[in-house]
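Structure at a glance
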Amino acid sequence: MPKMTSMSKEEKLKQMTETPVEKLIPRLAVPTIISMLVTSIYNMADTFFVSQIGTSASGAVGVMFSAMAMIQAIGFTLGMGSGNYISRSLGRKDDQASGQAAATAFYTAGLIGLLIAVLGTLFSGPLVYFLGATETIAPFAQDYARYILMAAPFMMTSFVMNNILRAQGNAVFAMVGITTGGILNMILDPILIFGFHMGISGAAIATMVSQIISFLILLYQSNVQKGCIRIRFRNFTPTLSMYGEILHAGLPSFCRQGLASVAVVVLNYAAGPYGDAAIAAMSIVSRFMMFINSSLIGFGQGFQPVCGFNFGAERYDRVLAAYWFCVKVAVIMLTCFGVVGFIFSEPIVTAFRRGDPEVIRIGTLALRLQLLTMPFQAWVIMVNMLTQSIGYGFRASLVAMGRQGLFLIPALLLFPRLFGVLGLQIAQPAADMLTFVLATGIVAGVLKELKKMASEKGAR
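Residues numbered from 1 in each chain as written. Predicted model: local features only at pLDDT ≥ 70, side-chain atom pairs only at ≥ 80, totals over all residues. Heavy atoms only, no water.

Some thoughts on the packing of helix H7 (residues 152-167) against helix H8 (residues 171-195)
As a packed pair, H7 and H8 sit with axes 7 Å apart at the nearest point and diverge in direction by 155°. The angle between H7 and H8 places the two elements in the roughly antiparallel class. Here Asn162, Leu165 and Arg166 of H7 lie close against H8, whose contacting residues are Ala171, Phe173, Ala174 and Ile178. Taken together, the residues that form the contact of H7 with H8 break down as five nonpolar, one polar and one charged. (Axes fitted to C-alpha atoms, helices over the stretch in contact; angles between N-to-C directions. Helix = DSSP H or I, 4+ residues; strand = E, 2+ residues; numbered from the N terminus. Parallel < 35°, antiparallel > 145°, perpendicular 65-115°, else oblique. Contact = heavy atoms within 4.5 Å. Nonpolar A, V, L, I, M, F, W, Y, C, P; charged D, E, K, R; others polar.)

Structure (structure tokens):
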């Protein structure tokens, strides 16, 4: 694992623009992969431990997952948007713009998170029904929502700081904050749920406490460690131009995460007629797929600062080299995970809800169908990260919108009416394949532009 050493900004720029990408990207990716895996594991831990309470409780986690996805969407929009802008600014040696972007994203996330906490708590009853809860799931969902919503300001600002640290190439510092909170969550879950007999509220409290701890660690890393951009209120720059820069780069994240939240709501409504077992099964599959994809997203996040730094420094040849290296690794990685997951799909779903054969039946087929599209998902994710990192916001947004919005939501609305439960199970794989086609068409033009810029730069 990389050591927690600090570099000056000059040393960081030299590292990002001169170290061979085959060595640099894995070095940056290891801590981000660990962060993403731990985050996914403790998300699965919530689902696993709550599922032991009952099928309706398991469904409640699935219902509230859409609200958590929206909180994450806003945090990632501000974090990825400011982070990509910071990487390109550091590549241009513009420290002032970097500090302003960091402060603006942080304080904006805190204010929005506070608003969500207040309004969500006041209207938690109507909220859970809006998110797709049934009469039997709603009481569990409200108990879970109460504490999750209270943690919203800490969750959103943590997402921002995590992305800002990674954008500077300080992924190890980001990893410490995220993994510490994640491990604490996994420890507290069984203690509070079963030891203190707090049920689903215990799972939510464990998440809230872990998010606060992560927030405090990340805040310390950002403001004390050498070589990190300090988050100072005096740099808070809530201007249209600054928000324009952040949102231009962050919009793909919002499209991806925000539409994922909407898709979960649509999924809950589509699954509702088939009972709590269908909602619980699809929730379990979603969490497991997030776990698999998190390893690739973590790897890709090691690619993004390299891409941003070098694009800002006009090293387009390195951007292309980094992209193709990551594509090869990504396809191999997800193909291997897909094969193993396909073989063990039934035991995986059974581990979450052993006492409900209907959950196991629905979840096993849904999981296998999604795992078949793993190599294509790898391509889509890397196309999205490339276009977002170099500031091609519109094209990145189109790719991000494809999987969770343009294709998935219509599929969820149509397929269950035509094919019943099978329609729920095939909606995501169908959306993945259509998004692959869209992403391939978009990236062909982007790669052509990068090759042209690299050629022109080399001819100077």
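On we go from here.
Brief notes about the packing of helix H4 (residues 95-122) against helix H10 (residues 240-271)
Where H4 contacts H10, the axes come no closer than 10 Å and their chain directions differ by 80°. In terms of axis orientation, H4 runs roughly perpendicular to H10. For the pair H4 and H10, contact is made by Ala97, Gln100, Ala101, Thr104, Ala105 and Thr108 and by Met242, Tyr243 and Ile246, respectively. Here the contact of H4 with H10 is built from residues that sort into six nonpolar, three polar and no charged.

Things to note about the packing of aromatic side chains
Applying the stated criterion across every chain yields a total of 19 aromatic pairs. For the ring pair Phe299 and Phe325, a centre distance of 6.3 Å and an interplane angle of 50° mean the geometry is tilted. Placement of the pair is Phe299 in helix H11 (residues 276-312) and Phe325 in helix H12 (residues 316-343), with a sequence separation of 26 residues. For the residue pair Phe299 and Phe325, the accessibility class agrees, reading buried in each case. Among the aromatic residues, ring-to-ring pairing joins Phe106, Tyr107, Phe154, Phe215, Phe233 and Phe236 into one connected group. The ring of Phe342 has Arg368 sitting right over it, with the charged end atom 5.5 Å from the ring centre. (Phe/Tyr/Trp six-rings, centres within 6.5 Å; stacked < 30°, edge-to-face > 60°. Buried < 20%, exposed > 50% of the residue type's maximum accessible area, 1.4 Å probe, protein only. Lys NZ or Arg CZ within 6 Å of the ring centre and 35° of its normal.)

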